[in-house]
Amino acid sequence: MLVSPDFLLQNYKTNNRKTSFDIIAICASDSDQALGYKILGEQKFKDKLRIYSDPPGPKIGNGGALLHCLNQLRLEFGIKKLSKLRILFIPAGGMSQRSPWLSALGKLFAVMPTVSAGCLDMLDIVTALSEPFAQFAANAGVGCCFLACSDALLPYKFDSISLISNSTCSRRLAESDIVALAHPTVDLSLATGHGVYCVDVDQGELSNQEDYRCSSNSFTVLDCSRVLQKPTIAEMRSASGLIDSTDGSILIDSNFWLNGHFIEALLAWRDANESSMAGVELDAYGDLLRGLGRDAHLDDYVNEIRNLTRHPSPSTAARLAQLRTSLFELLKGRQLKLCRIERSALVHIGSTKEYLNNLFQPIELARCFSTAAAPDSGPILVTNSRINIANGLEISSNGTGSALEFCEISARSCRIGSGCLLSHCRCREPEAELVIPDGWVLQTVPLLAGAGQVTWAWHSDDNPKQQSLTEAKFLGRPLVEFCHRHGLPLDEAEWSGSGSLWTARLFPCDRTWTAAVGGHGQGDQSLLTTLKLLRWSSESWRLVDWLAEKPEERRLMSMADIVMEKDTKALIEFRMTF
C-alpha cells in the first residue's frame, strides 16, 4: 500500500493524534520557548511529551541538543529502557530570523492548510509524517531516535507495508546503526544547501537486486560510503558515487534515525567528552553523519567552521576539532544505510518567501498540502481569522499570493499587496483604511508585565542578520535613509561590533496599548501606528516626534527586544480565540 502525506494526515487527525512513538521530545532554545511548546503539545500527546531547553550559555547546535535530550531521557528511564524506546526528536529552537513571524513562539507553531485534515501546525504535521517509521521500529522490535526537521515538509509516497514487513530489505534497516532518508533530485543548486550522500555501487545496478529494494519498488536500501555537507557543485561533480549515471540525480538528506544500541554508544561518548563540550556548537548532520561511511575523511571537516551560526574563539575551535576527532573514532565501522524514497521531495518553509511560495505555487508540495485543493481561494489565504471589511478586501493579483493568520480586522477598507504575511494582527476601527504594500510581513506581539504590545514589520527581502550599516535595508529601503527620515540616531560603533538589523530599535511601542481581547481599545493603535512607517514622504509624521509626545509611555523596540519581552501565554490565548 502506497502511503502519502494526504493519507497520513487524515489518519492522524481521524485517530485523535494517536502515534506509535513512545516519546515526543522537542528541543527549545530557552525556557520561554519551552513554555510555548508545552502549551502547544500537552493536550495532544499528554504523558508522551517531553520539552527540553538548551542549557544556558552559547548555542549548542542541534547535535548538542540531541545529546542533551538523550541524556535527560536516560536520567528519567535508565539506559536499558531508553535504548528500547521509540523517540521522535524535533530540534525546534533558534530565533527563526529568516521566518520572523515564528520568532515569538517557535517554528512548530507554523500553520499549514492541508487537503485532508484542515489547518494543522507543524508539530502535528511532523508527527503524522514520521508515523510509518515509528511503526517500522515497533514491528522490528528495535528502539530508535528519529530526528525530524521542524521547518521542512516531506511529500512522499512509498510502500509502508514493505517497510514494516520482515523482508531482507527491512531487516537491513533494522540492523543499521543509523538510517537516513534520502531523496533523489537533479537540482544540484538545491543540494548546495543540504547534506548529500555518496553510495557504494551504481544505483542503477542496485535497483535490480531484490535484497536492496522493497517489493513495490517505492524505496531502496543503499550503503552510504560518504556524506558531503553543503558541497559546491564542483565538489559534487568530482565525488565518486554521488551522481547517478542513469538520470543525473543525487541524493540529499532530510530526517534520520539512530538505532537503540547506537544510542548507548553515543551517550557513553558524550560522558567521556562532557568537559570539552561546554560552549561548543555541534551539528547532528555535519558532525555526526559526516564521520560515517567507508570513504569518510576527517580532514574534510575537522577544522571547518563555515556552517557554524557564530564564529568560534580559537580555544572553542580547538575543542570542536578535538570532539570531531573523537567522534570520528567512535563512528569507524558503523553502518549508515540510506532509505532512498523514489517518489519524494524535501520542501523547506524556513523563510517567509519559501512559506508563501509553497502555499500558492503548483509545486510537488501542492499534491498533499496548501491551497491547491481550493483554487477559488485566489491570491489570498485567510486562516483562523475574523475579517470584516466594509468595502471588501482588495488583494493584488500580481506575483505571489498573501496570507493572513490569526488576525482580527474590522475596517472601512483594506488593500493588501502581493507576497504579504499578516500574523496575529488586530484592528477594530470601523473607519480605518489599511494599505499593506507588496512584500510586507507584520505581526502584533503582546508584552509581559503590562508593557503593552508592539507590531513589528519587515519586508520579505530584508536581512535581519545584516551587520553592515551602509548595506542594511529596512522595509525594502536603506536603513540609513529610514533613520534620517524619522530623526533616529545611528550608532556606527554599535553596528561595527555585535549590532545588526535584528537588534536595531525601530518598532513603536506604547505601554497603554493593551492586548485585551474583545471590544475596542488602544491595542488597535499598535498596527495602525506601525503602518505609518511606510509613509516615507506622504506626510510629516516622524518617530522622533511621536516618542517626544509621551516619553514615559513610549519607546522603540528591536526584534531582539520583542523576543525577550513577549508574553507567550497571552499570544497563545489570542490564537485560541479563533
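Cut-offs applied
Residues numbered from 1 in each chain as written. Predicted model: local features only at pLDDT ≥ 70, side-chain atom pairs only at ≥ 80, totals over all residues. Heavy atoms only, no water. Pairing = 2+ DSSP bridges. Helix = DSSP H or I, 4+ residues; strand = E, 2+ residues; numbered from the N terminus. Expected span 1.5 Å × (residues − 1). Buried < 20%, exposed > 50% of the residue type's maximum accessible area, 1.4 Å probe, protein only. pLDDT = per-residue confidence, 0-100. Contact = heavy atoms within 4.5 Å. Axes fitted to C-alpha atoms, helices over the stretch in contact; angles between N-to-C directions. Salt bridge = Lys/Arg side-chain N within 4 Å of Asp/Glu carboxyl O. Phe/Tyr/Trp six-rings, centres within 6.5 Å; stacked < 30°, edge-to-face > 60°. Lys NZ or Arg CZ within 6 Å of the ring centre and 35° of its normal. Core = buried A, V, L, I, M, F, W, Y, C linked by side-chain atoms within 4.5 Å.

Enquirer: Sorry, what's going on with the pairing of strand β21 (residues 408-411) here?
Expert: A regular strand places its side chains on the two faces of the sheet in alternate fashion. Here strand β18 (residues 386-389) pairs with β21 via four bridges, running parallel. Bridging from a neighbouring strand, I387 pairs with I409 of β21. As judged from the three bridges shared by β21 and strand β24 (residues 426-428), these two strands associate in the parallel manner. For E408, the partnering residue across the bridge sits in β24 and is R426.

Enquirer: Any chance you could explain helix α3 (residues 61-77) here in plain terms?
Expert: Note that an α-helix has 3.6 residues per turn; residues three or four places apart therefore point the same way. For α3, spanning 17 residues, the distance from its first C-alpha to its last is 24 Å, which sits close to the expected 24 Å at 1.5 Å a residue. Looking only at α3, the buried set comprises G63, G64, A65, L66, L67, H68, C69, L70, N71, L73 and R74. Among the residues trailing α3, G78 stands out with phi positive, at a value near 85 degrees.

Enquirer: For this particular structure, what's the right way to read the confidence of the model for the protein chain?
Expert: Of the residues in the protein chain, 87% reach a pLDDT of 70 or more, and the chain-wide mean stands at 84. Here residues 203-211 scores under 50 on pLDDT; set against residues more than four positions off or in separate chains, the count is 17 contacts.

Enquirer: Quick question: what am I supposed to make of unusual backbone geometry here?
Expert: The phi torsion of most residues other than glycine is negative, and most of the peptide bonds are trans. Backbone geometry at F406 places phi at a positive 50 degrees, although glycine is not the residue there. Tracing the backbone shows F406 in the loop between β20 (402-405) and β21. With relative accessibility at 6%, the residue F406 sits in the buried group. For L475, which is not a glycine, the phi torsion comes out positive at approximately 55 degrees. The residue L475 is located in the loop between β28 (473-474) and β29 (477-478) in this model.

Enquirer: Can you walk me through the side chain of S96 in this structure?
Expert: Positionally, S96 belongs in the loop between β4 (86-91) and β5 (111-114). Not counting chain neighbours up to four residues away, the residues in contact with S96 comprise L102, S103 and K107.

Enquirer: Is there a simple way to explain the sheet that holds β21 in this structure?
Expert: Across the sheet, which stays open at both edges, the three strands sit in the order β18-β21-β24 with parallel pairing between neighbours. Pairing within the sheet leaves two strands with one partner each, and these edge strands are β18 and β24. Between one strand axis and the next, the sheet turns through 20 degrees on average, direction left out of account.

Enquirer: How should the pattern of salt bridges be read in this particular structure?
Expert: When their charged atoms lie close together, side chains carrying opposite charge are able to pair. Tallying each qualifying case throughout the model produces 29 salt bridges. In this structure, D223 engages K337 in a salt bridge whose closest nitrogen and oxygen atoms are separated by 2.3 Å. Separated by 114 residues along the polypeptide, D223 in strand β12 (residues 219-229) and K337 in strand β14 (residues 336-341) bring together distant segments of the chain. The exposure class of D223 is partly exposed, given its relative accessible area of 21%. For R554, the salt bridge identified is with E549, shortest N-O distance 2.9 Å. Accessibility expressed as a relative area gives 14% for R554, which makes it buried. Note on E549: relative accessible area 56%, which makes it exposed. What you see here is one network of salt bridges that share partners, running through R17, K44, D121 and D124.

Enquirer: I'm lost on the packing of aromatic side chains in this one. Help?
Expert: Tallied over the full model, the rule gives 15 aromatic pairs. Taking the centre distance of 5.8 Å and the plane angle of 75 degrees together, the rings of W458 and F507 count as edge-to-face. With a gap of 49 residues between them, W458 in strand β27 (residues 453-459) and F507 in strand β30 (residues 507-510) connect regions that are remote in the sequence. The pair W458 / F507 is uniform in exposure class, with both members buried. Consider the rings of F574 and F578, whose centres lie 5.2 Å apart with planes at 90 degrees: the pair is edge-to-face. On the basis of relative accessibility, which here comes to 28%, the residue F578 falls in the partly exposed class. These aromatic residues form a ring-pair network of at least three members: F21, F133, F136, F146 and W257. Here the basic side chain of R386 rests over the ring of F578, its NZ or CZ set 4.1 Å away from the ring centre. When the ring centre of F406 is taken as origin, the NZ or CZ atom of R575, which lies over that ring, is 4.0 Å away.

Enquirer: Mind showing me how you'd approach the sheet that holds strand β22 (residues 413-416) here?
Expert: Hydrogen bonding along the main chain pairs the strands of a sheet, whether they run parallel or antiparallel. Across the sheet, three strands lie side by side as β19-β22-β25; this open sheet has parallel pairing. The sheet is open, and its two edges are formed by β19 (393-395) and β25 (433-436), each paired on a single side. The mean inter-strand angle of the sheet, taken between neighbouring strand axes irrespective of direction, is 10 degrees. Across four bridges, β22 lies against β25 in parallel orientation.

Enquirer: I would appreciate a short explanation of the pairing of β30 in the present structure.
Expert: Of the two faces of β30, the one lined by F507 and C509 and the one lined by P508 and D510 are each fully buried. Taken together, the two bridges between β27 and β30 define a ladder with antiparallel strand orientation. Bridged to Q453 within β30 is D510. Bridge count for β30 against strand β31 (residues 554-557) is four bridges, and the pairing is antiparallel. For P508, the partnering residue across the bridge sits in β31 and is L556.

Enquirer: Hey, could you run me through the nonpolar core in this one?
Expert: When a protein is soluble and globular, its nonpolar side chains tend to lie buried together. Y197, F256, L258, L266, L338 and L506 are the most contacted members of the largest nonpolar core, which has 175 residues in total. Setting aside residues no more than four positions away along its own chain, L338 makes contact with A180, A182, Y197, V199, T220, V221, L222, C224 and L251. Core analysis: the second largest hydrophobic core is formed by six residues, A296, Y301, V302 and A321 among them.

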